[in-house]
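Coordinate analysis (summary)
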Amino acid sequence: MKPRSHEPIFWSLFGGGGMLAALVGPILVLIVGLLVPMGMGFGPDAMGYEQMRALLGHPLVGFGLAILIALFFFHAAHRILHTLHDLGVHATPRLKQICYGSAVGGSALAVLVALVLVVRA
Amino acid sequence: MTQTRTIIIECLRFHPETDEAPYYQSYEVPFTAEMSVLEGLQYIKDHLDGTLTFRWSCRMAICGSCGCMVNNEPVLSCQTFLRDYHPSRIRVEPLAHFPILRDLTIDQTDFLAKLESVHPYLIPSADDDPGDQPRNQTPDQIQDYLGYAQCINCLLCYAACPQYGLNEAFTGPAALALLHRYNADSRDAGKAQRMDVINAEEGVWGCTLVGECSEVCPKHVDPARAINQNKIVSTQDYFLRFLKPRGRR
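Thresholds applied
Residues numbered from 1 in each chain as written. Chains lettered and ligands numbered in written order. Predicted model: local features only at pLDDT ≥ 70, side-chain atom pairs only at ≥ 80, totals over all residues. Heavy atoms only, no water. Helix = DSSP H or I, 4+ residues; strand = E, 2+ residues; numbered from the N terminus. Rg over C-alpha atoms; globule rule 2.2 N^0.38 Å. Contact = heavy atoms within 4.5 Å. Areas by Shrake-Rupley, 256 points an atom, 1.4 Å probe, with all protein chains shown as cover. Lys, Arg positive; Asp, Glu negative; His and termini not counted. Charge placed at Lys NZ, Arg CZ, Asp CG, Glu CD. UniProt positions renumbered as here; feature names shortened; annotations may be inferred. Buried < 20%, exposed > 50% of the residue type's maximum accessible area, 1.4 Å probe, protein only. Polar contact = N/O pair within 3.5 Å; in protein donor to acceptor, adjacent residues only side chain to side chain. Buried area = accessible area lost by both parts, 1.4 Å probe. Salt bridge = Lys/Arg side-chain N within 4 Å of Asp/Glu carboxyl O. Nonpolar A, V, L, I, M, F, W, Y, C, P; charged D, E, K, R; others polar. Core = buried A, V, L, I, M, F, W, Y, C linked by side-chain atoms within 4.5 Å. Domains from an automatic or database assignment. Pairing = 2+ DSSP bridges.

What follows is about the overall build of chain A. Along its length, chain A carries four helices and zero strands. Ordering the α and β elements of chain A from the N terminus gives α-α-α-α. A compact globule built from 121 residues would reach a C-alpha radius of gyration of about 14 Å, whereas chain A, at 18 Å, exceeds it by more than 25%. For the C-alpha atoms alone, the extent of chain A along its principal axes is close to 60 × 30 × 25 Å. For chain A, long-range pairs separated by at least 24 residues make up 69% of all intrachain contacts whose partners lie at least 6 apart in sequence. Surface exposure of chain A reaches about 7,700 Å², of which carbon and sulfur atoms provide 76%. Considering chain A, the positive charge centre built from 7 side chains and the negative charge centre built from 4 side chains are found 16 Å apart.

On a plain count of helices and strands, chain B comes out with nine helices and seven strands. Contacts spanning at least 24 positions in sequence make up 64% of the contacts within chain B whose residues lie at least 6 apart. Accessible surface, chain B: about 12,700 Å² in total, of which carbon and sulfur atoms supply 49%. One finds the centroid of the 23 positive side-chain charges in chain B at a distance of 5 Å from the centroid of its 32 negative side-chain charges.

Now for the UniProt feature "transmembrane region" (unreviewed entry) in chain A. All names here are of chain A. Per the UniProt record, "transmembrane region" (unreviewed entry) is annotated on residues 12-36, 56-77 and 98-119. Here residues 12-36 is 96% helix and 0% strand, with 34 Å between the C-alpha atoms at its ends. Regarding residues 98-119, the helix share stands at 100% and the strand share at 0%, and the terminal C-alpha atoms are separated by 31 Å.

Residue and element names in this part refer to chain B. As for its position among the elements, Thr105 is in strand S7 (residues 105-106). Overall, Thr105 belongs to the buried group, its relative accessible area being 8%. Within the structure, the side chain of Thr105 is placed 2.6 Å from the backbone oxygen of Arg102, a separation counted as a polar contact. Non-local contacts of Thr105, meaning those with residues more than four positions away in its chain, are made with Thr53, Phe54, Arg55, Pro99 and Ile100.

With that settled, consider the interface of chain B and chain A. Contact residues are listed per partner, giving 19 residues for chain B and 15 residues for chain A. Carbon and sulfur atoms make up 58% of the surface buried where chain B meets chain A, a total of about 1,600 Å² over both sides. Ranking the residues of chain B by area buried against chain A places Leu166(B), Trp205(B) and Tyr238(B) at the top, with a combined share of 35%. In this structure, Arg4(A) engages Asp237(B) in a salt bridge whose closest nitrogen and oxygen atoms are separated by 2.8 Å. Seen at the junction of chain B and chain A, the total is six residue pairs in polar contact (both at pLDDT 80 or more). If you list the elements that add at least two residues to the side of chain B that touches chain A, you get helix H5 (162-166), helix H7 (191-199) and helix H9 (223-240) of chain B. In terms of residue count, H9(B) provides more of the side of chain B that touches chain A than any other element does, seven residues in total. Per-class residue counts for the side of chain B that touches chain A are six nonpolar, six polar and seven charged.

So, about the pattern of salt bridges. All names here are of chain B. The full count for this structure, using the stated rule, is ten salt bridges over all chains. A salt bridge links Asp110 to Lys114; the shortest N-O distance between them is 2.8 Å. One end of the pair is Asp110 and the other is Lys114, both in helix H2 (residues 109-117) and four residues apart, which spans about a single turn. For Asp110, a relative accessible area of 27% gives the class partly exposed. Here the salt bridges do not stand alone but share partners, grouping Glu10, Arg89 and Arg91 into one network.

Of all hydrophobic cores here, the largest spans 59 residues; its most connected members are Ile9(B), Leu41(B), Val92(B) and Tyr158(B). Looking at which domains feed residues into this core, each of domain 1 (5-106) and domain 2 (109-243) of chain B supplies at least three. With near-sequence residues (within four places) excluded, Leu41(B) lies in contact with Ile9(B), Cys11(B), Leu52(B), Phe54(B), Val92(B) and Leu104(B). In this structure, Phe74(A), Ala77(A), Leu81(A) and Cys99(A) belong to the second largest nonpolar core, which totals seven residues.

On a regular strand, each side chain points to the face opposite its neighbour's, so the side chains alternate between the two faces of the sheet. Residue and element names in this part refer to chain B. The pairing of strand S1 (residues 5-13) with strand S2 (residues 23-31) spans nine bridges and is antiparallel. Bridged to Ile9 within S2 is Tyr27. In the sheet, S1 pairs with strand S5 (residues 90-93) via three bridges, with the strands oriented parallel. Pairing of Cys11 across the sheet is with Val92, part of S5.

Residue and element names in this part refer to chain B. By domain assignment, chain B separates into domain 1 (5-106) and domain 2 (109-243). Placing the centre of domain 1 and that of domain 2 at their C-alpha centroids yields a distance of 30 Å. Domain 1 puts 16 residues into the contact, and the matching count from domain 2 is 14 residues. Where domain 1 abuts domain 2, roughly 1,100 Å² becomes buried across the two surfaces, and 70% of that area is made up of carbon and sulfur atoms. Taken as a group, Pro74, His97 and Phe98 account for 50% of the area that domain 1 buries against domain 2, more than any other trio of residues on that side. Where domain 1 touches domain 2, the interface holds zero salt bridges.

Below is the structure:
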């Protein structure tokens with residue numbers, strides 16, 4: 001009997017990040033890149049510091065964004081690991097540690113920043 | 001139109017008992033518009049060089065014997081036509097990623113072992129024996145597996161799969177598609193026996209959804225879809241096993 005792969009953990013995080021990137025990415029580009037600069041549907045201060053700071057201070061927004069960023073990190077780590085494999089750099093335990101370790105580090109940082117923003121709101 | 005033209009077919013030749021390395025040999029083959037690459041090879045064997053070795057049987061994309069690389073693409077040589085390449089020459093090689101037995105014939109041993117490992121047959125439940133009555137299925141139940149049942153084991157998908165090329169331990173597209181074909185059949189109760197193959201690193205997790213298998217499949221089986229569906233199955237099994245009673249994990 002072949003041993004069970006632990007890939008489902010990383011594939012789930014990868015899939016979650018990919019799905020959210022596809023869902024949230026275009027909306028963010030639309031709002032931040034087009035609607036706000038062109039003043040369509042948003043006031044001139046919509047992206048101002050005070051507005052944004054207050055928004056991120058809300059636990060749902062702050063931690064929601066941190067989780068989103070964490071999933072993006074895991075998506076990227078998984079994609080990079082598998083692309084390297086395709087390019088002939090095969091996934092050694094060391095390489096996995098570097099890829100997923102970076103994602104864990106980035107995620108921890110995102111949660112920490114969210115915590116600070118929410119607590120000091 | 002029966003006008004005869006000439007095309008150069010460049011074949012990979014290799015006789016492991018006498019040749020140190022594979023080499024290419026070119027043949028000038030007269031052809032008409034309706035001639036396939038397979039018929040070109042048969043012309044060579046009948047008229048130019050009787051030692052050229054290749055597999056074929058049905059000539060109509062059913063048997064899956066005549067797969068080979070034509071200009072680096074895995075195809076069935078019986079449904080690939082010389083007219084589409086003329087006036088350029090064509091290069092015919094054995095299917096990529098497999099050991100060569102001789103010339104264009106490959107050794108399928110590795111695939112056959114993998115095919116066997118997925119239990120590619122209906123495993124009915126012991127307490128669901130219809131006796132001598134037919135086991136009826138609705139059209140929907142048939143559609144669940146019919147597409148995957150079209151596989152002819154031609155191995156074009158293995159030649160196209162970069163992951164199989166990098167790691168031959170990977171169970172591969174056709175075997176996993178056939179695994180899914182039986183799992184998706186309402187008459188089958190053998191999922192548990194196939195779970196080990198799905199869950200292994202060499203099972204569905206050896207796939208990175210390049211999708212070339214589905215591109216080259218002459219029967220439109222879509223192995224990439226079958227494999228990706230089973231990544232979800234494997235993920236559910238991975239996490240939900242903790243909810244199952246002990247001893248059944």
